[in-house]
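These are the residues of each chain, in order.
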Amino acid sequence: MNKKLMALALTAVVGASMIAGCGGGDKKEAAKPAAPKADNSKKLIIYTSMKENLIKGIVEGFKKANPGIEVDYQSAGAGKLMAKIAAEKQSGKILADVIWTSEVPDFYKMKDQGMLENYKSPVMKETVNPFPDYDGSFHAARLGTLGVIVNTDKIKTPLAQWSDLTKPEYKGKFGIANPALSGTSYMSVALLEKQFGWKLFEDIKANGGRVGKGSGQVIDDTASGELSASLAVDYITHGKIAKGAHLQMCYPPELLVIPSPVAIFKGSAKADAAKKFVDYLLGKEAQTMVAAQGTIPVREDVTMPNKYFKLPTPKEALAKSIKINYTEALKTQQQTKDKFAQIMQVKK
């Protein structure tokens, strides 16, 4: 083949290849472009210490009410979340838009550090307010209660007073979550210390009181019979009872009520969506979900279910609760945790 014919042949081959590449003939189709990856930066991100059985339903309800807003959440202990937030802040950007936990002093600390958006929800006027110094930095989204749960196979007489924990039937069998790891446990320790002093904890330790890692663990240990009783969170306990656990929640007269604040981080790129979430959380639909889980809502117009639990109304709960100055509690937070660890002989 001469050079001219060879050139014509090569031209024909290249042309055929180009036609095939454009979809002609029975040749292989061109590879399809990869699907774009999901952009998580467009999602409203919530950090919360609420358990899955509470937060999941609320998020799903919010998404249904706001179909144009994508939401993701991370549920963990308050201590772990605050450590995560501190690390993110140090790196220059907090990834979450909303935070909802039960360790009230953390919110005063974040407020003092200028980390929270000031937002006075229009729904706030429909709720009870446990914070006398409310300024819009955060809102109470539920009124959590803690009481003493007893394993009814082990304890036949329900506890009536906090001092009952020093009786023989509780010897070596009462547990409390470590306040260094649990926000609700810290607040309950701070409240009880304010009301009764450290002597209550000294007496509990003298009676063999034990310290567990988290709020959920001590409840599980009580349900299994490893413990006969424990200081326990309302809605986690009621969820266990609903599933058949032999537990009973006992509320002494001095009620432990711990508000769970919700706040928006300052500088959130999704501040509008975050405000809508706060509004929804304080609204009747979400607060009905809160009550259904066995914890006190912040609305008086929500009916409290009584099948597994006997909780007071929001106003009654605040009236019966041990009062505390949260600003002072923040100042003594580490001191309180250290003193508890010393009395209860918690290994660091």
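Note: the structure precedes this text.
Residues numbered from 1 in each chain as written. Predicted model: local features only at pLDDT ≥ 70, side-chain atom pairs only at ≥ 80, totals over all residues. Heavy atoms only, no water.

### Remarks on the packing of aromatic side chains
Counting across every chain of the model gives nine aromatic pairs. Members of the aromatic cluster, connected to one another through ring pairs, are Phe107, Tyr108, Phe131, Phe138 and Tyr326. Just above the ring of Tyr186 sits the side chain of Lys337; from NZ or CZ to the centre is 5.5 Å. (Phe/Tyr/Trp six-rings, centres within 6.5 Å; stacked < 30°, edge-to-face > 60°. Lys NZ or Arg CZ within 6 Å of the ring centre and 35° of its normal.)

### Concerning the pattern of salt bridges
For the coordinates displayed, the defined rule picks out 13 salt bridges. Glu60 is the salt-bridge partner of Lys63, the closest N and O atoms lying 3.7 Å from each other. One end of the pair, Lys63, and the other, Glu60, are both in helix α2 (residues 52-65), three residues apart, so they sit about a helical turn from each other. Classification of Lys63 by relative accessible area gives partly exposed; the value is 26%. Judged by its relative accessible area of 42%, Glu60 falls in the partly exposed class. Glu88 serves as the salt-bridge partner of Lys84, at 3.4 Å between the closest nitrogen and oxygen. Here Lys84 pairs with Glu88, and both are found in helix α3 (residues 78-91), just four residues apart, close to one helical turn. Relative accessible area serves as the criterion here: at 29%, Lys84 is assigned to the partly exposed category. (Salt bridge = Lys/Arg side-chain N within 4 Å of Asp/Glu carboxyl O. Helix = DSSP H or I, 4+ residues; strand = E, 2+ residues; numbered from the N terminus. Buried < 20%, exposed > 50% of the residue type's maximum accessible area, 1.4 Å probe, protein only.)

### Here we look at the side chain of Ser182
Assignment of secondary structure puts Ser182 in the loop between β5 (174-177) and α5 (183-196). The exposure class assigned to Ser182 is buried, which follows from its relative accessible area of 8%. Within the local environment of Ser182, its side chain forms a polar contact with the backbone nitrogen of Ser185, the two atoms lying 3.1 Å apart. Once residues within four sequence positions are removed from consideration, Ser182 is found in contact with Ala177 and Ser215. (Polar contact = N/O pair within 3.5 Å; in protein donor to acceptor, adjacent residues only side chain to side chain. Contact = heavy atoms within 4.5 Å.)

### Remarks on unusual backbone geometry
With the exception of glycine, most residues fall at negative phi, and the peptide bonds are largely trans. Of note in this structure, Gln345 is not a glycine but carries a positive phi near 55°. Within the element layout of this structure, Gln345 appears in the segment after α13 (333-344).

### Quick look at the pairing of strand β2 (residues 71-75)
The pairing of strand β1 (residues 44-48) with β2 spans five bridges and is parallel. In the strand pairing of β2, Tyr47 is matched with Gln74. A crossover connection joins β1 to the parallel β2 through α2; in handedness this β-α-β unit is right-handed. (Pairing = 2+ DSSP bridges. Right-handed = clockwise from strand over helix to strand, strands pointing away.)

It is worth stressing that arrangement in space is one thing and function is another; only the former is reported here.
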